[in-house]
Structure formats: C-alpha cells, structure tokens
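Each chain, written out:
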Amino acid sequence: MSRLAKRLAGALLLSTALVPSMASADRSFIVPSSTILAGNSNTVTFDAAGADHLFFFDHRPIAPETIIVSKPDGSPADPVTPVRTRFRTVLDVRLDQQGTWKVASRQVMVSGTLRLNGEERRVGGRGGPPPGGAAMPAGAPAQGPRASAGPAPGAQAGAAGPDGPGGQRRQPPIALADIPAEATDVHLTEMVNTTETFVTLGAPTETVFKPSGKGLEFAPITHPNAIAAGETARFRFLIDGKPAAGVKVTVVQGGERYRDDVAAMDLVTGVDGAVAVKWPSAGLYWLGAEAEDKHPAEKRAEMRRMLYSATLEVQTP
Amino acid sequence: MRSIPFALAGGLIATPALAGSITVTLPRLPLAEYKRPYVAGWLEPVGGGAPRTVFVWYDLRKGGNEPGTRWLSDLRSWWRKAGRTMKLPADGVSGATKGPGSYTIALPGNLAPGKYILNVEAAREHGGRDLVTVPITVPGGTARGTGKTELGAITVAAK
C-alpha cells in the first residue's frame, strides 16, 4: 500500500516534472543508543535511516559519506567505520571527550527541469545514460502508474511524442554538471537536507551548536540533552545565520506504528525564530523543520528548499 | 556561577550547629539477585535556582574502563539536574552504596532559610527507578514521603 503510494507519487513527480519535493513519504533520522551518559568514556551506536515509521528501519539507509561526527570542542571525530545495510547505516562513536557531541548528515541536491531541442527534460541525480542510450534510468517507475497519472502537463504533444500507455521511452535526466549551453527554460531547485542528533557525556556543552551561517540551522535555547516530560523546551531556527520566522516545525513521538493517531505537534517559529515544545511524555521524538527561499548557493537554481530533522530524547522528569 | 546563591547564603547567614537530617529507607526486596541501588538526594529551591546535592551513593571503588561513575546517569533526574555538572567524588556528598535499611544523612549546615523540594532518587541494576519528592521549609519544617518500589519511607526534619 505504502509502496504503491510511493510509486504513484514518484510517477506523478516524474510526469509533472515540477519541483521535486524532498518531503517524501519517509522521514530521516539518526538514532543514538544513549543520549545522556556518565563516566570517563563511553561508546554510542547510531542508526541513520529514512523510514516510514519512527524509529524503525523500513526504507533506506542514510549514505555514510554524508555523516560527520563533531566532538564537543567542534573538531571532527576520528574516522569511524560506518556499516551500510539495506535499511540503515550503523555507526559506532567512542566518546573520548566530555561534553555534547553532534552526529549530522547533510545532503545537497539540485534538480528541476529545462527545455532542450523543444523537449522538456528533467535535471538531477547523476544523469542518465549517454544520449542515444536505450536503457531506462535505474529506478524509473513502471509504465503502469505513470500511464495512470496521465500525460505530462509540461510536455508538448508534438515534441515529446506519444506519452500514452503504448510504451514510449522516457528521456533520462540530465546531471547538473551536464546541462548544455543551448538549454532554455532552466528551472532548478536546490534541496538541502540536514539530519542531526546530539549526545552528551558528562556536563552539556554548546560548541556543536555554533551556526555555520549557511542554510536552515538548529540553534537550541534549551539544550537538547536537557529536556524532560512536562517541561517546555525552546529551540531557535536560523536561515543563513539569522533567526528564521515562519518556519514550519513538526514534532512526532516515535512508535506511532503502535498508535492510531500520529499526534504530530505542528508549530511555526515566531519572529525570533523560536518554537516552544512542551513534551507530553518521555521518549524519543523526531523534530522536523522546513523552509524555502530564493537564496540557493547554486547560482543556476531559483529556489532553495531546506529540510532539517533531529532525533531528541525526552527524559523522565 | 550556579553555586553563587549558595555561596552568598553561606556567607550571610549564621550557620546553625545542627541543620537537621534526612532519613532514607531502602526496602528489602525479595530477589534472588540483588545489587545495591545507586541513590542520590538533593534540594531544589522552590523559587528556582541551582539544585544542591546532599548525598550520592554509588560504586566509588570500581575503576578501570567501566568505573562506578559510568552508571550515575541511571539516576536520571539527579544526573540531568545536578550530577553531571558536579566533580566527583565530592567531599561529604559521595558515599558507597548501601543495602536494605534506614540511613540518616545530615542536611547541609549552611542551608539558607526558605522553601525547598527534597528529591531522593534510586536506581538499581536490572531493577527499577524511584523518585520521591517532598516539600520542606528551612528552618523548622518536617516532612515525609514514601517510594513506590526502590525506596521506602523518606523523612526530613530541618532544624
């Protein structure tokens, strides 16, 4: 059911060839085995994945090469060897410094559409096979759902050729680096997806929250390793280093697979860029934020979509 | 910085000879395998301010790669509010774990007058966690509370 929905969604996305949304069915998270630790040193294992259910592993791993571990002093941790499995990436981190550590994944993608020789083409990913190649791009949806989604509204019948269920081959996407000079109507969106979590050995510290000044960032007012049920935490969001008002923030407690109601808390940041979250009970929570603007780092892009998510453990009071 | 209120209070208020005491009862649990619990007691000023740890009982002697301090975070509330910013062992505060029985702990002699919440938290390996909170007024107040599983009667008397 959910897979079918996803394929349909993917087919719609491809056929309309509009701005692809990264707010797909799954949610990204990095889950630590512990968040608050004592002692001289300790090891924490992290599971990094995108999944339909929090915090289970049912869809995809987060690419290990996108993950950076920051020590409390802000320096990158010694290389660790992540293991990528079918549904998740597993990463052990030995905490050998007192304070708050950050494990973060950051992915940047640029995608969209352009017009080439009268045809509308998709831009994104690593591109397709060379022109004239017969193969379908890997992962392209089956014909059925695409056909049922109807003809692409952006495609001109004459130029794009028949688009019915007869089995017309879809043109492969063009990689960003391969956009030809003669392309017109280039409409690109930059997508930045950041997923983080924090763990603290001993007393909490703040260095890992120092903003880079780029994109959507989490600037907690309440330390994320000092949150407890019944208490209210305040978190600020920044865009390019400035407080970001009007950012949509969603908070969901894990284990919604066992509830009828997802019970998502939908919040919006105020003029100071902050939201207040009152924790109903102890447990693992997913916090997501999204924003978009017209300030992409990629010069050819028109829009920038920024997604942020964090895994937070709410303690018993 | 967090200890400033106490430092000021200690400097301004004459220290009574006896500030009172807390009695903590650890129940006898009918278990084949019983490990002595970690227990901490601390005072939180009702009007806000830094919590003050009165005692913490843990495995003081265990060192090596997995020292006794490693499980202090199992005293979840104490660790988050007070423990993790303390330097341990702390004189007059740290103590060895204790078996079932009743124990009397002196309240700090330089407690500023006011209203407090006394917290006593216990956590046992392969066992439960228990938190008892009782309000107490200094000086002169008395109060009692009872734990659910890992703690028995808690009494406090402030002189």
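Quick notes on the rules
Residues numbered from 1 in each chain as written. Chains lettered and ligands numbered in written order. Predicted model: local features only at pLDDT ≥ 70, side-chain atom pairs only at ≥ 80, totals over all residues. Heavy atoms only, no water. Helix = DSSP H or I, 4+ residues; strand = E, 2+ residues; numbered from the N terminus. Buried < 20%, exposed > 50% of the residue type's maximum accessible area, 1.4 Å probe, protein only. Contact = heavy atoms within 4.5 Å. Areas by Shrake-Rupley, 256 points an atom, 1.4 Å probe, with all protein chains shown as cover. Polar contact = N/O pair within 3.5 Å; in protein donor to acceptor, adjacent residues only side chain to side chain. Core = buried A, V, L, I, M, F, W, Y, C linked by side-chain atoms within 4.5 Å. Pairing = 2+ DSSP bridges. Axes fitted to C-alpha atoms, helices over the stretch in contact; angles between N-to-C directions. Phe/Tyr/Trp six-rings, centres within 6.5 Å; stacked < 30°, edge-to-face > 60°. Lys NZ or Arg CZ within 6 Å of the ring centre and 35° of its normal.

Asker: Hey, could you go over the overall build of chain A for me, with residue numbers and the actual values?
Answerer: Check the secondary structure of chain A and you find 3 helices and 18 strands. Here chain A holds 317 residues, and 46% of them are scored as buried. Contacts in chain A between residues far apart in sequence, at least 24 positions, make up 71% of those at least 6 positions apart. Accessible surface computed for chain A: about 15300 Å², of which carbon and sulfur atoms make up 55%.

Asker: Describe in detail the side chain of Glu150 of chain B, supporting the description with residues and values.
Answerer: All names here are of chain B. Structurally, Glu150 is set in the loop between β8 (142–146) and β9 (153–158). Accessibility expressed as a relative area gives 6% for Glu150, which makes it buried. Here Glu150 is in contact with Leu26, Pro27, Leu29, Ala122, Arg124, Gly127, Gly128, Arg129 and Asp130, once residues within four sequence places are set aside.

Asker: Break down the side chain of Ser28 of chain A for me, with residues and values.
Answerer: Tracing the backbone shows Ser28 of chain A in strand β1 (residues 27–32). Within the structure, the side chain of Ser28 of chain A is placed 2.8 Å from the side chain of Arg60 of chain A, a separation counted as a polar contact.

Asker: Tell me about the nonpolar core, and please be specific about residues and values.
Answerer: Residue and element names in this part refer to chain A. Core analysis: the largest hydrophobic core is formed by 28 residues, its most contacted members being Phe235, Phe237, Trp279 and Tyr308. Elements with a minimum of two residues in this core: β10 (184–201), β11 (216–220), β12 (232–239), β14 (248–253), β16 (274–278), β17 (283–293) and β18 (303–314). Discounting chain neighbours no more than four positions away, the residues touching Trp279 are Ile227, Ala228, Ala229, Gly230, Glu231, Ala233, Phe235, Val251, Tyr285, Leu312 and Val314.

Asker: Kindly report on the sheet that holds β9 of chain B, identifying the contributing residues and their values.
Answerer: Residue and element names in this part refer to chain B. Taken in spatial order, the 4 strands of this open sheet run β5-β1-β9-β8, and their pairing is antiparallel. If you trace the sheet from one side to the other, it starts and ends with β5 (101–106) and β8, each paired once. Taking the axes of each pair of neighbouring strands and ignoring which way they run, one obtains an average angle of 15° across the sheet. Note that strand β1 (residues 20–26) and β5 share 6 bridges and pair antiparallel. For Leu26, the partnering residue across the bridge sits in β5 and is Gly101.

Asker: Provide a residue-level description of the sheet that holds strand β7 (residues 129–138) of chain B, including the pertinent values.
Answerer: Residues and elements named next belong to chain B. Taken together, 5 strands build an open sheet; the order of strands is β4-β3-β2-β6-β7 and the sheet is mixed. Sheet topology places β4 (94–95) and β7 at the edges, where each strand pairs with a single neighbour. For strand β3 (residues 52–57) and β4, the ladder comprises 2 bridges, and the chain directions are parallel. When the bridges of β4 are listed, Trp57 appears paired with Gly95.

Asker: Can you lay out the packing of aromatic side chains for me, pointing to particular residues and giving the numbers?
Answerer: Centre-to-centre distance and the angle between the planes together describe a pair of aromatic rings. All names here are of chain A. Considering all chains together, one arrives at 15 aromatic pairs over all chains under this definition. The interplanar angle of 20° and the centroid separation of 5.4 Å between the aromatic rings of Phe218 and Tyr308 together place this pair among those described as stacked. With a gap of 90 residues between them, Phe218 in strand β11 and Tyr308 in strand β18 connect regions that are remote in the sequence. Classification of Tyr308 as buried rests on a relative accessible area of 3%. Counting every residue linked through ring pairs, the aromatic cluster contains Phe198, Phe209, Phe218, Phe235, Phe237, Trp279, Tyr285 and Tyr308. The ring of Trp286 is capped by Arg27, whose NZ or CZ atom sits 4.9 Å from the centre of that ring. Lying over the aromatic face of Phe56, Arg257 brings its terminal NZ or CZ to 3.7 Å of the ring centre.

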